[in-house]
Amino acid sequence: MTPERLARGHELVARYPRPQSALVPFLQYCQEQDGYVTLQAMRDAAELVGITPGEVESIASFYTLLFKAPAGKHIVQVCRTLSCMLRGAEDLQAYIKRRLGIGHLETSADGQYYYEEVECLAACDRAPCLQHNLEYHYDVTPASFDKLLDSWQASAPAPAMPAE
Amino acid sequence: MATFEPVIMKGIGESDLADIDVYERGGGFSVLRKVMSDMTPDAVAAVVTESNLRGRGGAGFPTGRKWSFLPKDGRPRYLVCNCDEAEPGTFKDRMLLEKTPLQLIEGLVISAYAMGAKQAYIYIRGEFLEGSRIFRRALAAAQSRNYLGDRILGSDFSLDLVVHRGAGAYICGEETAQLESIEGRRGEPRLKPPFPAVAGLYGMPTVVNNVETLCYVKHIIERGAQWFAKIGPEKSPGPKIMSVSGHVRQPGNYEIPLGIPARELIDEYAGGLLPGRKLKAFQPGGASSAALFEEDLDVGIDFDSLAAKRTMLGSGGFVVMDDTACMVNCARTLTRFFEHESCGQCTPCREGGQWVARMVARLEAGEGSQEDLRVLNVINNTITGTNLCPLGDSIMPFLSSVLKRFPDEFAAHVAHGACPIKDVTAVVA
């Protein structure tokens, strides 16, 4: 483990009465740096909180916002639950998939974009909605998605999954 | 037009209540000051009990009673604020977190004081990154003015609050799954009893309260138990935020006095149906609730009136479906949700959820059979009531209710091999 990572790990552990509570926050921190939860991060986490790497993997696999493989610099998550479906999410999903050239749970060949249809994002009053790197976009239409895409391509990519 | 004066939504959209100066100018933290100088913890708890506040997260359990279950045995006790809002159709806690985080902090500190918790956690849904950032800033500001931390406002009471972000799992909104998740494990619900009040976080006495519930505590202490208890029905009193979405003109969060008819919520608050449309169905309490229909529009929006209709208020996610909605499509969306979110511990939820979702998807695609319909009509008995937590029991209510009310629509998907509704709306559009 790098000294920097170990130091952050100790900070997170100090927040809680028991070290294991820091496991997911530590993995979120590693993911922010590495783009996904690497095998090394899981080994580091196991060492930090005192459980086996296998247990860490089991726990990490439970949570959908912890990526176990490189996903993309831009993570596009479109809501697929009832309120958005009633407001045209299916047509929007079809459009975005065509535009990005990838399907559900896929990454573009250049590694830039990852697309996923996700469950309710708690923004049902502004449906259909999506998140790009956990930032909300509301009332999305094909035209407004095109503008978003242009802005994403122009901006320098921040961490796709910020830890805090 | 609706005339109810908002309580916890007051000022949202008018001023930046996440700014501590703005919040204080509007009277913010004056209730906490009063509590710290004039009230004992028991006195605070007594007011909350007398108000008959029922939890706003979904289960509707009386908050004061929940607090009273904490054993007085000297062990450390914890307050956990549940901000893992993920019930489809519900978006009130995210609004409260982002727009009025200091009100939440004030309610949380008062509640922790009442139950004698020196350590609190807030579990914020992983997707609410922006909300968690706003909350952390608000928390730092509140700490800098001694509304949290050591010896709050010169009293003997100290409270530390840790922000814990989720990482994507609907089930972590269930209180024991949430405790497992904070302890750094898979978010799998625990067998109850023991209840969290006896053996909760780290095995210690713990209360898990929803964001909206804690916000109301502040106002109940300020305005008195009777003020709250006299709003709405006697056994289900108070205001409540309803998140209205789907086929209405003005989707949004509306704070209502509990007990108003569903019709009023749709027509007066949410602006009514879209032009030229007819109501087909509505879900009063999120994806887990059974649907109601046109003939139910006079039902009161409160815990007991909705329970009497075999559905529930739940978390207040009110989803309206008009005559352009295909019930098979709606059921497919929601059964897929539960299939996706099952933690996998209990067989009826894990396996049943998968098979139900597959059958409904088949029906929607026009590939279903009479046998699928027969199974869907009887499977309720083997899935519902056979799981550790309420998720498994949430798979069937919506599906069963629309299957019973619109059997012809389901049968038509089998007979025509396609959706009859979509054909009709395509022609109309």
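Residues numbered from 1 in each chain as written. Chains lettered and ligands numbered in written order. Predicted model: local features only at pLDDT ≥ 70, side-chain atom pairs only at ≥ 80, totals over all residues. Heavy atoms only, no water.

Asks: Even after reading the chapter, I still don't get the domain arrangement of chain B, so can you show me in this structure?
Replies: Interface size is often expressed as the accessible area that is lost when the parts come together. Residue and element names in this part refer to chain B. Looking at the assigned domains, one finds that chain B contains domain 1 (20-229), domain 2 (239-322) and domain 3 (327-428). Averaged C-alpha coordinates put domain 1 and domain 2 at centres separated by 27 Å. Of the residues lining the interface, 18 residues belong to domain 1; the matching set on domain 2 comes to 21 residues. Summed over both partners, the interface of domain 1 with domain 2 buries about 1500 Å², with 56% contributed by carbon and sulfur atoms. Viewed at the interface, domain 2 and domain 1 are joined by 2 salt bridges. The residue Asp304 makes a salt bridge to Arg54 at a minimum N-O spacing of 3.3 Å. For the interface between domain 1 and domain 2, the tally reads 14 residue pairs in polar contact (both at pLDDT 80 or more). Within the residue set of the side of domain 1 that touches domain 2, elements represented by two or more residues are helix H5 (92-99) and helix H9 (211-223). At 3 residues, H5 tops the list of elements feeding residues into the side of domain 1 that touches domain 2. (Domains from an automatic or database assignment. Contact = heavy atoms within 4.5 Å. Buried area = accessible area lost by both parts, 1.4 Å probe. Salt bridge = Lys/Arg side-chain N within 4 Å of Asp/Glu carboxyl O. Polar contact = N/O pair within 3.5 Å; in protein donor to acceptor, adjacent residues only side chain to side chain. Helix = DSSP H or I, 4+ residues; strand = E, 2+ residues; numbered from the N terminus.)

Asks: Help me out: how do you make sense of the environment of Leu139 of chain B in this one?
Replies: Residues and elements named next belong to chain B. With respect to the helices, strands and loops of the structure, Leu139 is situated in helix H7 (residues 129-144). Placed 38 residues apart in sequence, Leu139 and Pro101 show a C-alpha to C-alpha distance of 8.1 Å. Excluding residues that lie within four positions of it along the chain, Leu139 makes contacts with Ile105, Leu148, Leu161 and Val163.

Asks: Just to check I follow, could you spell out the pairing of strand S7 (residues 279-283) of chain B for this structure?
Replies: On a regular strand, one side chain projects to one face of the sheet and the next to the other, so that they alternate. All names here are of chain B. A large share of S7 lies buried, amounting to 5 of its 5 residues. For S7 and strand S8 (residues 317-322), the ladder comprises 4 bridges, and the chain directions are antiparallel. Across the sheet, residue Ala281 finds its bridge partner in S8, namely Met321. (Buried < 20%, exposed > 50% of the residue type's maximum accessible area, 1.4 Å probe, protein only. Pairing = 2+ DSSP bridges.)

Asks: I would appreciate a short explanation of the sheet that holds strand S1 (residues 78-83) of chain B in the present structure.
Replies: Backbone-to-backbone hydrogen bonds pair the strands of a sheet. The strands run either parallel or antiparallel. Residues and elements named next belong to chain B. The strand order across the open sheet built from 4 strands is S3-S2-S1-S4, with neighbouring strands paired in parallel fashion. Looking at the sheet topology across the chains shown, the edges are occupied by strand S3 (160-165) and strand S4 (206-210). The average undirected angle you get between the axes of adjacent strands in this sheet is 20°. Taken together, the 6 bridges between S1 and strand S2 (residues 119-124) define a ladder with parallel strand orientation. In the strand pairing of S2, Cys81 is matched with Ile122. The strands that helix H6 (residues 101-115) touches are S1, S2, S3 and S4; relative to S1, the one it contacts most, it runs at about 150°. (Axes fitted to C-alpha atoms, helices over the stretch in contact; angles between N-to-C directions.)

Asks: In this structure, what is going on with the pattern of salt bridges? I would like to understand it.
Replies: Pairing between side chains becomes possible if they bear opposite charge and their charged atoms approach one another. All names here are of chain B. In the structure shown here, the tally under the stated rule is 38 salt bridges over all chains. Here Glu212 ties to Lys92 by a salt bridge, and the two come within 2.9 Å at their closest N and O atoms. Taken together, the residues span a long stretch of sequence, with Glu212 in helix H9 and Lys92 in helix H5 at a distance of 120 residues. You'll find Glu212 and Lys92 in the same group, each marked buried. Linking Glu180 and Arg190 is a salt bridge whose minimum nitrogen-to-oxygen distance equals 2.7 Å. Placement of Glu180 in helix H8 (residues 175-182) and of Arg190 in the loop between H8 and S4 is noted, with a sequence separation of 10 residues between them.

Asks: Please clarify how unusual backbone geometry should be interpreted in this entry.
Replies: Of all residues except glycine, most have a negative phi; of all peptide bonds, most are trans. Here the residue pair Ala127 of chain A and Pro128 of chain A is connected by a cis peptide bond, since its omega of -5° sits within 30 degrees of zero. Here Pro128 of chain A is to be found in the loop between strand S3 (113-118) and strand S4 (130-132). Across the junction of Pro193 of chain B and Pro194 of chain B, the peptide omega takes the value 5°, indicating a cis bond. Structurally, the position occupied by Pro194 of chain B is in the loop between H8 and S4. Positive phi, close to 65°, is recorded for Asn146 of chain B, a residue that is not glycine. Structurally, the position occupied by Asn146 of chain B is in the loop between H7 and S3. One non-glycine residue, Tyr202 of chain B, adopts positive backbone phi at about 55°. Topologically, Tyr202 of chain B is positioned in the loop between H8 and S4.

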